[in-house]
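Report on the structure
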Amino acid sequence: MTDIRTAHTAELDASTLRAARILLADVFEGDMTDEDWEHALGGIHALAWEDGELIGHASVVQRRLLHGGRALRTGYVEGVGVRADRRRRGVGGALMDAIERVVRSAYDLGALGATDEALRLYTAHGWKRWEGPTSALTPGGIVRTEEADGAVYVLPLSAPLDLSGELTCDWREGDVW
Ligand SMILES: CC(C)(COP(=O)(O)OP(=O)(O)OC[C@H]1O[C@@H](n2cnc3c(N)ncnc32)[C@H](O)[C@@H]1OP(=O)(O)O)[C@@H](O)C(=O)NCCC(=O)NCCS
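Analysis parameters
- Residues numbered from 1 in each chain as written.
- Predicted model: local features only at pLDDT ≥ 70, side-chain atom pairs only at ≥ 80, totals over all residues.
- Heavy atoms only, no water.
- Helix = DSSP H or I, 4+ residues; strand = E, 2+ residues; numbered from the N terminus.
- Rg over C-alpha atoms; globule rule 2.2 N^0.38 Å.
- Buried < 20%, exposed > 50% of the residue type's maximum accessible area, 1.4 Å probe, protein only.
- Contact = heavy atoms within 4.5 Å.
- Areas by Shrake-Rupley, 256 points an atom, 1.4 Å probe, with all protein chains shown as cover.
- Lys, Arg positive; Asp, Glu negative; His and termini not counted.
- Charge placed at Lys NZ, Arg CZ, Asp CG, Glu CD.
- Expected span 1.5 Å × (residues − 1).
- Core = buried A, V, L, I, M, F, W, Y, C linked by side-chain atoms within 4.5 Å.

This part is about the overall build of the protein chain. The number of helices and strands found in the protein chain is four helices and 10 strands. Relative to the compact-globule value of 16 Å for 177 residues, the protein chain shows a C-alpha radius of gyration of 16 Å, a close match. Taking the principal axes of its C-alpha atoms as reference, the protein chain extends roughly 50 × 30 × 30 Å. Sorting the 177 residues of the protein chain into buried and exposed places 48% on the buried side. Put simply, of all contacts in the protein chain between residues at least 6 apart along the chain, 70% involve residues at least 24 apart. Surface summary for the protein chain: the accessible area is close to 9100 Å², and the carbon and sulfur share equals 48%. For the protein chain, the centre of its 19 positive side-chain charges and the centre of its 29 negative side-chain charges are spaced 6 Å apart.

The following block contains the structure:
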């Protein structure tokens, strides 16, 4: 029996946050930097528990994405991962359902940087590939992020979007998308 719970970072105790960080380090096989973890904090987490063990995590934080001359309030999804031995049982989908409920009620759109492994999950949930060029608003100005082109997915909501247009994210340390 999987129990999906949501909570703001401020409501999670240190041991739960530590368990989430360990889970994600394991899920991403050591390819999770301090910045990656920091990017997952400060918003709403969806946590999947089984028999008192944390087996899945996703979170959504607020960012601003520039598109069509507007700074869109964006629910940006981070740290989506399910323990390897508990995959393909619907846990990832249930975590996304919980996160999308937050995105739909609080933001102009959803966005995330997708891994190949998660593409089918996201597209089945209505997320669309951003087809246009991506950039970041860095301290030195707008810089193209070619490496992110094709890997950014959005959940269209109230904001008018041209998926072939330009999309620029706000600045942060580590991976900007
Ligand atoms: C991507 C990830 C989170 C998906 O988690 P998951 O728990 O396996 O997700 P789900 O079980 O909801 O869906 C995965 C697949 O299992 C299928 N599935 C769901 N319930 C099922 C069941 N009871 N029986 C059989 N298959 C099932 C889904 O239809 C889906 O199929 P698809 O790949 O053909 O679309 C997981 O693979 C993961 O942690 N990957 C590594 C980290 C990663 O890449 N994260 C994404 C960062 S952007």
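Let us look at helix α1 (residues 14-27). Here α1 is 14 residues long and its end C-alpha atoms lie 20 Å apart, about the 20 Å a rise of 1.5 Å per residue gives. A positive backbone phi angle near 50 degrees is found at E29, which sits one or two residues after α1.

For the rest of this paragraph, the subject is the nonpolar core. If you look at the biggest cluster of nonpolar residues, it comprises 23 residues, and the most contacted ones within it are V77, L95, M96, I99, L112, Y122 and W127. Considering each element in turn, this core owes the most residues, seven residues, to helix α3 (residues 91-106). Those residues in contact with I99, other than ones at most four positions away along the chain, are I44, A46, A58, S59, V60 and V77. Counting 16 residues, the second largest nonpolar core, distinct from the first, contains L65, L109, A136 and A148.

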